[in-house]
Amino acid sequence: MDLMEAIKGRRSIRKYKSDPVPEEIFRAVMEAVRWSPSWANTQCWEVVAVRDPGVKSELATVLPKENPALPSMTDAPLVLVLCGKKGISGSYKGQTVTVKGDWLMFDTGIAMQSLCLAAHALGLGTVVVGMFDHKKAEKILGVPQDVEVVAMTPLGYPATGGSTPKRKDLSEFVFTDRYSKKG
Ligand SMILES: Cc1cc2nc3c(=O)[nH]c(=O)nc-3n(C[C@H](O)[C@H](O)[C@H](O)COP(=O)(O)O)c2cc1C
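Procedures and definitions
- Residues numbered from 1 in each chain as written.
- Predicted model: local features only at pLDDT ≥ 70, side-chain atom pairs only at ≥ 80, totals over all residues.
- Heavy atoms only, no water.
- Helix = DSSP H or I, 4+ residues; strand = E, 2+ residues; numbered from the N terminus.
- Rg over C-alpha atoms; globule rule 2.2 N^0.38 Å.
- Buried < 20%, exposed > 50% of the residue type's maximum accessible area, 1.4 Å probe, protein only.
- Areas by Shrake-Rupley, 256 points an atom, 1.4 Å probe, with all protein chains shown as cover.
- Salt bridge = Lys/Arg side-chain N within 4 Å of Asp/Glu carboxyl O.
- Phe/Tyr/Trp six-rings, centres within 6.5 Å; stacked < 30°, edge-to-face > 60°.
- Disulfide = S-S within 2.5 Å.
- Near = heavy atom within 4 Å.
- Polar contact = N/O pair within 3.5 Å; in protein donor to acceptor, adjacent residues only side chain to side chain.
- Pairing = 2+ DSSP bridges.
- Axes fitted to C-alpha atoms, helices over the stretch in contact; angles between N-to-C directions.
- Contact = heavy atoms within 4.5 Å.
- Left-handed = near helix turned anticlockwise from the far one by under 90°.

> Give me the lowdown on the overall build of the protein chain, citing residues and values where you can.
The number of helices and strands found in the protein chain is 6 helices and 5 strands. Mapped in sequence order, the helices and strands of the protein chain form the string α-α-β-α-α-β-β-β-α-α-β. Taken over the C-alpha trace, the protein chain has a radius of gyration of 17 Å; the compact-globule value for 183 residues is 16 Å, and the two agree within 12%. With the principal axes as the frame, the protein chain shows a C-alpha extent of 50 × 40 × 35 Å. Looking at the protein chain as a whole, 38% of its 183 residues qualify as buried. Carbon and sulfur atoms make up 56% of the accessible area of the protein chain, which totals about 11,000 Å².

> Go over the pattern of salt bridges, please, and point to the residues and values.
If you walk through the whole model with that rule in mind, you get 4 salt bridges. Salt-bridge contacts for Glu-23 lead to Arg-51; the nearest nitrogen and oxygen are separated by 3.6 Å. Of this pair, Glu-23 sits in helix α2 (residues 23–34) while Arg-51 sits in the loop between β1 (45–50) and α3 (53–60); the two residues are 28 residues apart in sequence, bridging distant segments of the chain. Arg-51 sits in the partly exposed class, given a relative accessible area of 40%.

> Outline the packing of aromatic side chains, supporting the account with residue identities and numerical values.
According to the stated counting rule, one finds 3 aromatic pairs in the structure shown. Arranged with centres 4.4 Å apart and planes meeting at 70 degrees, the rings of Phe-175 and Tyr-179 form a pair that is edge-to-face. Owing to a relative accessible area of 23%, Phe-175 belongs among the partly exposed residues under this scheme. Among the aromatic residues, those joined into a cluster by ring pairs are Trp-39, Trp-103 and Phe-106.

> Describe the state of the cysteines, and please don't skip the residues or the numbers.
What the rule picks out here adds up to 0 disulfides. The structure places no disulfide on Cys-44, whose sulfur is separated from the nearest cysteine sulfur, that of Cys-83, by 10 Å.

> Any chance you could break down the site of the ligand for me, citing the residues and the numbers?
For the ligand, the set of nearby residues contains 14 residues, the closest of which are Arg-11, Ser-12, Arg-14, Asn-67 and Arg-167. In this structure, Arg-10 approaches the ligand through a side-chain N or O atom, which is 2.9 Å from an oxygen atom. At 2.8 Å from a nitrogen atom of the ligand is found a side-chain nitrogen or oxygen belonging to Asn-67.

> Can you break down the sheet that holds β1 residue by residue, with the values?
Hydrogen bonds along the backbone pair up the strands of a sheet, which may run parallel or antiparallel. The strand order across the open sheet built from 3 strands is β1-β2-β5, with neighbouring strands paired in antiparallel fashion. Each having just a single partner strand, β1 and β5 (147–155) make up the two edges of the open sheet. Direction aside, neighbouring strands of the sheet carry axes that sit 25 degrees apart on average. Here strand β2 (residues 78–85) runs beside β5; their pairing, made up of 8 bridges, is antiparallel. Each residue of the ladder has a partner; that of Gly-84, found in β5, is Glu-148. This element, α3, spans β1, β2 and β5 of the sheet and lies at about 65 degrees to β2.

> Give a description of the packing of α2 against helix α5 (residues 104–121) that names residues and reports values.
It is the contact of α2 with α5, at a shortest axis distance of 8 Å, that shows an interaxial angle of 145 degrees. Viewed along their axes, α2 and α5 form a crossing whose handedness is right-handed. Contacts between α2 and α5 involve Val-29, Met-30, Ala-32 and Val-33 on the former and, on the latter, Ala-111, Ser-114, Leu-115, Ala-118 and Ala-119.

Coordinates in, geometry out; function isn't part of it.
In structure tokens, the structure reads:
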């Protein structure tokens, strides 16, 4: 699949078939995470692949009822929980070197986009899930203190396509030479 086609065609998928994801496809999606860029190649990401229906159901309880991704947490055959190791990204010799502090959110965000695009190119659906009780998720999964849960996504074959939310025009966010609302 052409890269721009993948970027533009990927949609958040919230309805899934129960068909399992073959191991080689799962590994191909993980390869996309593996080859993502990261701060000084620190690769702070870790992924918990949840297949056990009991654990998926437990994880679903951390989403508020109004989260539209809630049914997909149990419908999809797999839920991928993207975690980040703290205090690595954004640091040099153990000290944070920018005002941004830990770049964990940034690096895991890139990794998540790689994951979603690769999944889409392989015919699978994803939806980034960020609105949930992170502390509760960490407890359920047994995540250690030096690691935090950042976001999750179901992974599986789409039962229906996603709608296409509108995007801003380039003129609304691309500025020339200096920051300017006029572009
Ligand atoms: C950081 C982040 C958090 C998100 N959290 C949720 C969520 O909790 N529930 C949900 O249904 N969608 C969530 N989304 C999906 C967005 O709603 C979706 O990407 C956006 O509406 C654009 O639609 P598209 O992905 O189909 O292009 C999240 C997306 C991002 C990037």
